[in-house]
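Working through the structure, step by step
Below, each chain spelled out in residue letters.
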Amino acid sequence: LKSTMVRPLLWPLVLSSLASRYPCYCFQRKILRSSTVSLSMSSVSSKIQETLDPCVVLMKKMIAEYEVAWADKGGIFSLAQGVSYWEPPDSVKSAIEQAIATNTLHMYGPDEGLPELREALTVKLREENNLSNHHVMVTSGANQAYMNCVLSLLEDGDQAVFFRPYYFNHIMATQLAIGNAGVLLGECDEKGVPKLEWLKQQLESNPSIKIVTLTNPGNPTGVNLERDVVEHVVELCRMHNKWLILDCTYEHFQFNSKDTSVFFGFSENHVIHIFSFSKGYALAGYRCGYTVVSKEADDLYQQMRKAQDTIPICPSRFSQHAALGALSAGRKWVIDKVETLAASREAILKALSPLDQIMGGSGAMYLMAKLPTQNDDDEKVARLLVKDYGVAIIPGSYCGFPGWIRVCYSNLPPDQCVKAAERLACGIRDISRH
């Protein structure tokens, strides 16, 4: 083969053809397999090699390394992955039972989602988010909703704006779509508020920018931005003809809001909203989210169907019926659950208090804290906390914020979270002393 004009990437195909004509065991097992191995690394996409490693997977592997040592001490408490400790509302079980009885769950559904769910979401968007005249596309979680957006909007040479500390899966989706060169990072101030003067300058001077992304309430910042801050970003993007993606996954987690019965969106046609059932309704494993696009941006929505049809074809019928059941429980059901997090939040704040800088507490389910200078290797600290103190967090480096840690206070029931906070406090005191 080397002496021929056949391109190396085609060798496995040629070898397969020869193997089918001359089925020699030795030929198939040794030559074909060795050729595949030698080509495997060179054939992997450079974009996926540039993409961040999935940090929650990394933390779960770290926890697994030490779980045996902590088995007789109550196990390792995870304050890492952002999940809700409560179970879904009972109406979810009822909805699933009814759906099973219809004997239709095995069938494909409409690309955009079941009509009855989309109709229910249209009502919810109007009453709770002040959004009307919008298309709704149901997706397999909010991450797939975001992937649909970047695939529909970005191409090589474009850039997407994010603010550090960022939500890692947004970065990963962009890297997969257009490579690492397409990621443009701005900064937040010490309170977790994006620096909008920098954004203004970038939008005025950088024509490569295509989209701006905000997660509000914020992951990983734990900050619920004031309305006027987000309005400013909406207006900047409008002035410069850029898309703004608002990830509203944590819409129910507003601790500085006077009225938690609503979470108002923005009706401007350049604003795309993403919502999720994973956090408030605790349907994380069901994987159900949705994208909301203005009907005045109908062309985008129609083009987005291509991404939808290619990735899931259609969202799971099972998950959509679960989502319908969750919606019937109502927003107040979620708010009542969210209010139970107060003690957990205070316990974690107290545990982090020896550290000089703490960010968050006004929204979502996270707090971030800056490690002392003498121990600011956040990945090393994360391992130390798991190994010696039996508590897991997310290193800030995974969010583009080295020297910090992200702590989730919603993934354990309040009594267990208080115990986890005690372990975390011991670890923080020790690393602050050395």
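Residues numbered from 1 in each chain as written. Predicted model: local features only at pLDDT ≥ 70, side-chain atom pairs only at ≥ 80, totals over all residues. Heavy atoms only, no water.

**Notes on the nonpolar core**
Selection rule: The criterion is simple. A nonpolar core is a set of buried Ala, Val, Leu, Ile, Met, Phe, Trp, Tyr and Cys residues joined through side-chain atoms within 4.5 Å. Residue burial is assigned from relative accessible area. The probe radius is 1.4 Å, only protein chains are included, and a residue is buried under 20% of its type maximum, exposed over 50%, and partly exposed in between. For helices the rule is a DSSP run of H or I covering at least 4 residues; for strands it is a run of E covering at least 2, with both sets numbered from the N terminus onward. In what follows, residue pairs with any heavy atoms lying within 4.5 Å of each other are defined as contacts.
Counting 102 residues, the largest nonpolar core has Leu-79, Leu-199, Val-212, Phe-277, Ile-348, Leu-352 and Leu-424 as the members making the most contacts within it. It is helix H16 (residues 414–433) that contributes the most residues to this core, seven residues altogether. Other than its neighbours up to four places away in sequence, Leu-199 contacts Val-161, Phe-163, Val-212, Val-233 and Leu-236.

**Considerations on the pairing of strand E5 (residues 209–215)**
Using the following cut-off: Criterion used throughout: strands pair if DSSP finds at least two bridges between them. With its strands directed away from the observer, a crossover is right-handed exactly when the path from the first strand over the helix to the second travels clockwise.
The buried fraction of E5 is high, at six of seven residues. Note: strand E3 (residues 159–164) against E5, three bridges, orientation parallel. Looking at E5, one finds that Ala-160 is bridged to Ile-211. Both E5 and strand E6 (residues 243–247) contribute to a ladder of five bridges, which runs parallel. Within E6, the residue paired with Thr-213 across the bridge is Ile-245. Handedness of the crossover joining E5 and E6 through helix H10 (residues 227–239): right-handed.

**Considering the side chain of Glu-128**
To be explicit about the condition: Counting of polar contacts relies on pairs of N or O atoms within 3.5 Å, with two restrictions inside protein: one atom must be capable of donating a hydrogen and the other of accepting it, and residues adjacent in sequence are counted only when both atoms are side-chain atoms.
For Glu-128, the position within the fold is in helix H6 (residues 115–129). Looking at Glu-128, its side chain comes within polar contact range of the side chain of Arg-331, at 3.0 Å. Not counting residues within four places of it along the chain, the set of residues in contact with Glu-128 comprises Ser-261, Val-262, Phe-263, Phe-264 and Arg-331.

**Some remarks on the environment of Glu-231**
Here Glu-231 is to be found in helix H10. For the pair Glu-231 and Ile-272, spaced 41 residues apart in sequence, the C-alpha to C-alpha distance is 14 Å.

**A look at the layout of surface pockets**
Just so we agree on the cut-off: The distinction between a cavity and a pocket rests on a 1 Å grid over the protein atoms alone: a 1.4 Å probe fits inside a cavity but cannot get out, while a pocket stays open yet meets protein on both sides within 12 Å along at least five of seven lines, and a residue with an atom within 4 Å of a point counts as lining. Grid points are joined across faces, edges and corners, and a volume is the space filled by probe spheres set on the points. Nonpolar residues are Ala, Val, Leu, Ile, Met, Phe, Trp, Tyr, Cys and Pro. Charged residues are Asp, Glu, Lys and Arg, and all others, Gly as well, are polar.
Approximately 520 Å³ is the volume attributed to the largest pocket. Considering the residues around the largest pocket, the lining is formed by 27 residues, among which Gln-81, Asn-143, Tyr-167, Asn-169 and Lys-279 are closest to the centre. Of all the elements in the fold, those that place two or more residues in the lining of the largest pocket are helix H4 (55–66), helix H7 (142–153) and helix H8 (168–178). When residues of the lining of the largest pocket are assigned to their parent elements, the largest contribution, four residues, is made by H4. Along the lines of polarity and charge, the residues of the lining of the largest pocket split into twelve nonpolar, ten polar and five charged. Of the volumes computed, that of the second largest pocket is approximately 380 Å³. Lining the second largest pocket are 18 residues, with Asn-224, Leu-225, Arg-227, Gln-254 and Phe-263 sitting closest to its centre.

**Section: the packing of helix H5 (residues 90–101) against helix H12 (residues 317–329)**
Our working definition: Each axis is a line fitted through C-alpha atoms, taken for helices only over the stretch in contact, and angles between the N-to-C directions span 0 to 180 degrees. What sets the label is the angle itself: under 35 degrees gives roughly parallel, over 145 gives roughly antiparallel, 65 to 115 gives roughly perpendicular, and the rest give oblique. Handedness of a helix crossing follows the sense of rotation of the near helix relative to the far helix, less than a right angle counterclockwise being left-handed and clockwise being right-handed.
With their axes 7 Å apart at the nearest point, H5 and H12 run at an angle of 140° to one another. Classified by the angle their axes make, H5 and H12 are oblique. For the element pair H5 and H12, the recorded crossing hand is right-handed. For the pair H5 and H12, contact is made by Ser-91, Val-92, Ala-95, Ile-96 and Ala-99 and by Phe-318, His-321, Ala-322, Gly-325, Ala-326, Ser-328 and Ala-329, respectively. Of the residues contributing to the contact of H5 with H12, the split by class is eight nonpolar, four polar and no charged.

**Focus: the environment of Ser-132**
Following the sequence through the fold, Ser-132 ends up in the loop between H6 and strand E2 (134–139). Owing to a relative accessible area of 46%, Ser-132 belongs among the partly exposed residues under this scheme. Through-space distance from the C-alpha of Ser-132 to that of Phe-266 is 10.0 Å; in sequence the pair is 134 residues apart.

**Focus on the sheet that holds strand E10 (residues 366–370)**
In a beta sheet, neighbouring strands pair by backbone hydrogen bonds and run either parallel or antiparallel. The strand order E9-E10-E13-E12 describes an open sheet built from four strands, whose pairing is antiparallel. Looking at the sheet topology across the chains shown, the edges are occupied by strand E9 (358–360) and strand E12 (394–395). Of the strand pairs in this sheet, E9 and E10 are connected by three bridges, and their pairing is antiparallel. Bridging from a neighbouring strand, Met-359 pairs with Met-368 of E10.

**Section: the sheet that holds E2**
What the seven strands build is an open sheet, ordered E2-E8-E7-E6-E5-E3-E4; its pairing is mixed. Unpaired on one side and paired on the other, E2 and strand E4 (183–187) mark the two borders of the sheet. Strand-to-strand twist in this sheet, taken as the mean axis angle between neighbours without regard to direction, amounts to 25°.

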